[in-house]
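Understanding the architecture of this molecule
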Amino acid sequence: MKVLVTGGCGYIGSHTILELLKNDMEVIIVDSLINSKKDVIDKIKKITGKDVTFYEIDLCDKEKLRTIFEKEKFDSVIHFAGLKAVGESVEKPLMYYENNLISTINLLDLMKEYNVKKIVFSSSATVYGNPQSLPIKEDFPLSTTNPYGTTKLMIETILKDLYKSDNSFDITILRYFNPIGADKSGLLGEDPNGIPNNLMPYIVRVAVGKLPILNIFGDDYNTVDGTGVRDYIHVCDLADGHVLALKNKKTGLKIYNLGTGKGTSVLELVNTFEHVNNVKVNRQIAPRRDGDIDACYASNELAKQELGFNPKYTIEDMCRDSYNFVKNN
Ligand code: NAD
Ligand code: UDP
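Figured I'd write up the structure that's included with this text.

Once that is clear, we can look at the nonpolar core. The biggest cluster of nonpolar side chains holds 37 residues, and the ones touching the most others in it are Ile17, Leu20, Val27, Ile29, Ile44 and Val52. Of all elements in the fold, only strand S1 (2-6), helix H1 (11-22), strand S2 (26-31), helix H2 (39-48), strand S6 (170-176), helix H8 (235-247), strand S11 (253-258) and helix H10 (301-307) reach the threshold of two or more residues within this core. Setting aside residues up to four positions removed in sequence, isoleucine 29 forms contacts with Val5, Gly8, Cys9, Ile17, Ile41, Ile44, Val52, Thr53, Phe54 and Tyr55. Grouped together as the second largest cluster of nonpolar side chains are 27 residues, Ile28, Val30, Val116 and Phe121 included.

What follows concerns helix H7 (residues 199-207). Most of H7 sits inside the fold, with nine of its nine residues counted as buried. When we look at burial in H7, the residues that qualify are Leu199, Met200, Pro201, Tyr202, Ile203, Val204, Arg205, Val206 and Ala207. In this structure, the buried residues of H7 make contact with strand S7 (178-180), strand S8 (214-217), strand S10 (232-234), helix H9 (266-277) and helix H11 (315-328). Backbone geometry just downstream of H7 places glycine 209 in the positive-phi region, at approximately 85°.

With that out of the way, let us pick up the site of ligand 1. Around ligand 1, a shell composed of 26 residues is seen, among which Asp31, Asn35, Ser36, Lys84 and Tyr148 lie nearest. Contact between ligand 1 and isoleucine 12: an oxygen atom at 2.8 Å from a main-chain N or O atom of the residue. Between ligand 1 and aspartate 58, the relevant distance is 2.9 Å, taken from a nitrogen atom to a side-chain nitrogen or oxygen of the residue. If ligand 1 stood free it would expose 820 Å²; the protein chains cover 95% of that surface. Listing elements by their share of the shell around ligand 1, those giving two or more residues are H1, strand S5 (118-124) and helix H6 (147-165).

According to the stated counting rule, one finds 27 salt bridges in the structure shown. Of the charged contacts, one joins aspartate 39 and lysine 43 as a salt bridge, the two residues approaching to 3.9 Å between their closest N and O atoms. Within this pair, aspartate 39 and its partner lysine 43 are both found in helix H2, separated by four residues, close to a single helical turn. Between lysine 112 and aspartate 166 there is a salt bridge, with the nearest N and O atoms lying 2.9 Å from each other. Linking lysine 112 in helix H5 (residues 93-113) with aspartate 166 in the loop between H6 and S6, this pair joins segments that are 54 residues apart in sequence. The exposure class assigned to lysine 112 is partly exposed, which follows from its relative accessible area of 38%. The network of salt bridges with shared partners includes Lys184, Asp317, Arg320 and Asp321.

Of all seven residues making up S5, seven are buried, and the element is well covered by its neighbours. Here S5 shows two buried faces, one formed by Lys118, Val120, Ser122 and Ser124 and the other by Ile119, Phe121 and Ser123. Of the pairings in the sheet, the one linking strand S4 (residues 76-79) to S5 comprises four bridges and is parallel in character. The residue of S5 that forms the bridge with isoleucine 78 is valine 120. Here S5 runs beside S6; their pairing, made up of seven bridges, is parallel. Bridge pairing in S6 places phenylalanine 121 opposite isoleucine 173. The handedness of the S5 to S6 crossover, carried by H6, is right-handed.

Rules and cut-offs
Residues numbered from 1 in each chain as written. Chains lettered and ligands numbered in written order. Predicted model: local features only at pLDDT ≥ 70, side-chain atom pairs only at ≥ 80, totals over all residues. Heavy atoms only, no water. Core = buried A, V, L, I, M, F, W, Y, C linked by side-chain atoms within 4.5 Å. Buried < 20%, exposed > 50% of the residue type's maximum accessible area, 1.4 Å probe, protein only. Helix = DSSP H or I, 4+ residues; strand = E, 2+ residues; numbered from the N terminus. Contact = heavy atoms within 4.5 Å. Near = heavy atom within 4 Å. Polar contact = N/O pair within 3.5 Å; in protein donor to acceptor, adjacent residues only side chain to side chain. Areas by Shrake-Rupley, 256 points an atom, 1.4 Å probe, with all protein chains shown as cover. Salt bridge = Lys/Arg side-chain N within 4 Å of Asp/Glu carboxyl O. Pairing = 2+ DSSP bridges. Right-handed = clockwise from strand over helix to strand, strands pointing away.

Written out as structure tokens, the structure reads:
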């Protein structure tokens, strides 16, 4: 199978490409490098010993994107490309709507024109808003609290409408919970610009002394120890979920949660990180962060049943591999 991977130089895309190559799939990457670096391509080649084709193109430029459809004959698309910083999306909503929506519409329109009908889309648990109960199932009500989340929900709606209009499309929407961790090689990982928003990149930077102290946002949530609970999933398990989605026999429009089904609190994560890496993470309790919810974790039963999804990495593995990447880089 030949797969077009949009956003393939990014964190989740690059790890997924390792799995695709291991499964003998052929990979074409398109990425604008707005949030990644080209050296990821060499690292992928170094880890796998296999070649990938790379195009530096912004998906918002439809005519440039068309050149790839003209030149390469691929069977399916995994669509990772998009901007993903919640805070930035609140400050620059138009940039988020333009980048995430126009790119996707261009891509889908060309897929229709060139008769490429299979797509896997990166959605997020953020589309569940503040869930009514836990664990979160795929049929729970959807709502969003920021422009980033709204772009994900809008793209899900676009995909559903597209499928209604043309049911020869084969669409999988994957709702990721909290991906962390990195490939064992230590060559690929999450490397956000500036001060990280997300917990694990922040913890790691405090551990290596790049940031002075971790602020734990709130210790009065209704959770096991008062700190926020999330469903952290190793990025390599997440990557595996994409290969399973491509191989899925079930066609049509499918939606799956990709999480481990287990909640971990901020304190549990920080303490595990210190323990497995034998390193100190300075921390202090800070006020709650606007918009945060007490707890969020997935029911992954549907993905288990229909995809054979079976996440195998522990929180310990995630902490070790996240630290290993940043120490190496
Ligand atoms: P990332 O920023 O590391 O990767 C996204 C890639 O897309 C980057 O390489 C970027 O340069 C590229 N890109 C962005 N806009 C583009 C455009 N218009 N044209 C071409 N390339 C473009 O992010 P990630 O963590 O790998 O996330 C991948 C996808 O998964 C995103 O859609 C993100 O919203 C979604 N997601 C991520 C998380 C997470 O916590 N990381 C959680 C849920 C969903
Ligand atoms: N968090 C924290 N300090 C940080 C970043 C995050 O205490 O510097 C907490 C946050 O309040 C939440 C959890 O860590 O309870 C996960 O936050 P993240 O931003 O990584 O993911 P999301 O909130 O998007 O699920």
